[in-house]
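Observations on chain architecture
Chain residues, written in single-letter form:
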Amino acid sequence: MSSSWRKEISALFVKEVQSELRGRSGLLNSLLFSLVTVVAVSLATFGHSISATFAAGMIWVALLFASSVALPRCFTLEEEQGTGDLLRLLARPHAVFWGKALYNLLLIFLVALVLGGLFLALVEIRGDRPVIPWLFLLSLLGAAGALAGAVTLCGALVAQAANRATLAGTISLPLLLPVLFLGVNGTRAGLGDGVLETGLTASIGLLCYGVASLAIGPYLFAAVWKH
Amino acid sequence: MGGATAWGFTAPPAKGFPRPDLARIIFFHLPCAIGSTLFLTFAAYASLRYLLDKKGDWDVRASSAMEMGLVLSILTLLTGMLFARVQWGAWWDWQEVRMTSFLLVFLIVAAYFALRSSFGDRTKGAQVSAIYVMAALLPCFLLIFVAPRLPQFQSLHPDVIGKGGFDPTYNSIFLSTLTLVVIGCVWIYRLRVRAGKLEIDLENLSAKLADRNRPSAPRVVEPVPLSPER
């Protein structure tokens with residue numbers, strides 16, 4: 001990667017982080033959503049232990065909704081604040097996509113870590129074997145990659161639509177549901193249920209899906225961003 | 001189509017099904033699933049051509065193919081539910097990976113129309129929809145071709161085609177219904193494309209008429225004398 005690309009991408013990434021630190025709405029909303037989900041699960045199960053498979057499913061549902069609500073905001077905000085055109089003039093489309101996707105990756109990984117940590121700390125999880133931390137973390141990292149690529153593109157697609165807030169969830173959730181197929185298998189193996197090899201394969205598959213969506217994303221994004 | 005249906009009833013009960021005599025719905029279920037996949041793939045090709053050429057015809061072709069894909073995926077799900085009720089005793093089984101994955105494909109296709117209808121500007125909507133189709137191609141292919149073959153997911157679908165377990169009579173009837181369904185759908189698709197192009201022509205004509213009826217400045221500009229020679 002040449003230094004000009006690196007500069008542009010890092011500038012975009014820093015801009016996103018600074019905007020987030022100024023407003024803190026995306027991160028705070030997502031973290032609060034994670035906490036509320038864990039509290040809701042604890043209340044709904046009356047404090048009884050839940051199986052690792054069920055816990056993995058709940059973590060993934062919470063992650064899907066948190067990401068589909070928080071991540072597309074990075075583009076819809078540009079349009080609402082009128083800064084989109086300035087960004088089009090200053091940065092190349094690939095750099096914009098990568099800057100925002102990296103920021104989304106960081107955000108969703110943070111949320112996934114907090115959500116996973118809260119589940120492990122507050123909910124009694126029943127598995128066939130003890131938790132495998134590295135596999136659990138690998139599945140969360142794969143989740144962050146797969147979700148970040150798809151949601152960043154969806155955010156760009158809906159940014160100029162009339163009902164963008166609702167539409168972001170409507171179009172990003174169906175695209176993210178296939179990720180759930182792989183993700184739950186990886187996470188539940190990490191939490192101590194299911195076959196270990198299957199979980200490892202699923203987590204690696206998830207990472208590959210994330211890499212593929214992050215690789216194809218900039219080209220598709222460039223087509224919509226220029227117009 | 002009526003002849004093929006009647007022919008289907010003459011076929012012997014299928015092997016490898018819990019209720020072999022009631023398995024004949026696959027003569028329509030499977031062609032619908034194959035047709036849906038073909039139309040979705042063509043929609044991705046048409047979308048790519050639209051992104052490269054920027055010709056409105058390709059957008060009409062892509063959206064018409066998506067419409068056909070949506071209709072065929074609904075038919076696949078409905079016939080699949082009937083099949084599941086008869087063979088497995090339940091309308092839906094969430095453990096059945098083929099059913100679930102096709103439901104997800106249906107949701108992805110349905111979201112295309114939600115996205116398309118959200119743009120007032122036709123060109124912008126076409127551009128964004130084309131990109132969505134390209135982005136949806138990877139998850140759709142994963143769901144249709146990869147997920148049902150993963151060892152961790154169990155499928156109740158009997159693999160009669162893969163193992164060559166179809167009776168020769170079944171093969172002939174299945175190929176006939178597949179050909180008929182594809183020909184019928186292509187015919188409807190072509191009609192839809194023609195209708196779509198006419199819609200665009202009508203819109204352009206209406207816009208021209210509206211421009212013509214709009215009051216405009218007089219066409220002839222008369223010279224105004226600057227010197228006071230009256």
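Keep in mind the model is a prediction, meaning the values are calculated, not measured. (Residues numbered from 1 in each chain as written. Chains lettered and ligands numbered in written order. Predicted model: local features only at pLDDT ≥ 70, side-chain atom pairs only at ≥ 80, totals over all residues.)

**Thoughts on the overall build of chain B**
Under the convention used in this document: A run of H or I in DSSP becomes a helix once it reaches four residues, and a run of E becomes a strand once it reaches two; helices and strands are each numbered from the N terminus. Put plainly, a residue is buried at 20 or more neighbouring C-beta atoms within 10 Å of its own, exposed at 12 or fewer, and partly exposed in between, counting only other residues' C-beta atoms, which are placed from the backbone. Each residue is represented by a C-beta atom placed from its backbone, and any two residues with such atoms within 7 Å are regarded as in contact.
In terms of regular secondary structure, chain B is built from six helices and zero strands. Sequence-ordered secondary structure for chain B, helices as α and strands as β, is α-α-α-α-α-α. When each of the 230 residues of chain B is scored for burial, the buried share is 32%. At a minimum sequence separation of 6, the contacts of chain B that also span at least 24 residues come to 75%.

**Considerations on the overall build of chain A**
Cut-off, in case you're wondering: Computation of the radius of gyration draws on C-alpha atoms, with the globule rule given as 2.2 Å multiplied by the number of residues to the power 0.38.
When helices and strands are counted, chain A shows nine helices and two strands. In terms of overall dimensions, chain A is globule-like: its C-alpha atoms have a radius of gyration of 18 Å, near the 17 Å expected for 227 residues. C-alpha atoms of chain A, sized along the principal axes, occupy 55 × 35 × 25 Å. By the burial criterion, 50% of the 227 residues in chain A qualify as buried.

**Some thoughts on the confidence of the model for chain A**
To be explicit about the condition: For every residue, the predictor assigns a confidence score, pLDDT, that lies between 0 and 100.
Chain-level statistics for chain A give a pLDDT mean of 82 and a share of 97% at 70 or above. Highest mean pLDDT in chain A belongs to helix 6 (residues 93-122) of chain A (87); lowest belongs to helix 4 (residues 73-81) of chain A (76).

**With respect to the packing of helix 2 (residues 26-53) of chain B against helix 3 (residues 56-88) of chain B**
All names here are of chain B. Definition in use: Note on method: axes are straight lines fitted to C-alpha atoms, helices fitted across the in-contact stretch only, with angles between N-to-C directions ranging 0 to 180 degrees. Roughly parallel covers angles under 35 degrees, roughly antiparallel covers those over 145, roughly perpendicular covers 65 to 115, and oblique covers all other angles. For any helix crossing, the convention is left-handed if the near helix is rotated counterclockwise from the far helix by under a right angle, and right-handed if that rotation is clockwise. Charged means Asp, Glu, Lys or Arg here, nonpolar means Ala, Val, Leu, Ile, Met, Phe, Trp, Tyr, Cys or Pro, and polar covers whatever is left, Gly included.
Between helix 2 and helix 3, the least distance of the axes is 7 Å, while the angle of their chain directions is 160°. Classified by the interaxial angle, the pair formed by helix 2 and helix 3 is roughly antiparallel. Of the two possible hands of crossing, helix 2 and helix 3 adopt the one that is left-handed. Of the residues belonging to the contact of helix 2 with helix 3, the class tally is 17 nonpolar, nine polar and four charged.

**Description of the interface of chain A and chain B**
The interface of chain A with chain B comprises 23 residues on the first partner and 24 residues on the second. Contributing elements (two or more residues each) for the side of chain A that touches chain B: helix 7 (133-158), helix 8 (164-190) and helix 9 (196-225) of chain A. At nine residues, helix 8 of chain A tops the list of elements feeding residues into the side of chain A that touches chain B. Residues that form the side of chain A that touches chain B fall into these classes: 16 nonpolar, seven polar and no charged.

**Focus on the nonpolar core**
Put simply, the rule is: Throughout this description, the term nonpolar core refers to a group of buried Ala, Val, Leu, Ile, Met, Phe, Trp, Tyr and Cys residues whose C-beta atoms join them within 7 Å.
Counting 119 residues, the largest nonpolar core has Leu-63, Leu-147 and Leu-157 of chain A together with Tyr-132 and Val-133 of chain B as its most contacted members. Sorting elements by how many residues they give to this core places helix 7 of chain A first, with 16 residues. Once you skip the residues sitting within four places of it in the chain, Leu-147 of chain A turns out to touch Leu-63, Ser-67, Ile-108, Leu-176 and Val-179 of chain A.

**Focus on the environment of Leu-22 of chain B**
All names here are of chain B. Its place among the elements puts Leu-22 in the loop between helix 1 (2-10) and helix 2. Under the C-beta neighbour-count criterion, Leu-22 is labelled partly exposed, with 15 such atoms within 10 Å. Between the C-alpha atoms of Leu-22 and Val-86, which are 64 residues apart in sequence, the distance is 7.2 Å.

**Focus: the environment of Gln-95 of chain B**
Residues and elements named next belong to chain B. Along the chain, the position of Gln-95 falls in the loop between helix 3 and helix 4 (97-116). Judged by the 10 C-beta atoms lying within 10 Å of it, Gln-95 is exposed. Residues Gln-95 and Leu-38, spaced 57 residues apart in sequence, show a C-alpha to C-alpha distance of 26 Å.

**A short note on unusual backbone geometry**
Despite not being glycine, Lys-54 of chain B has its phi angle at roughly 60°, a positive value. Relative to the helices and strands, Lys-54 of chain B is located in the loop between helix 2 and helix 3.

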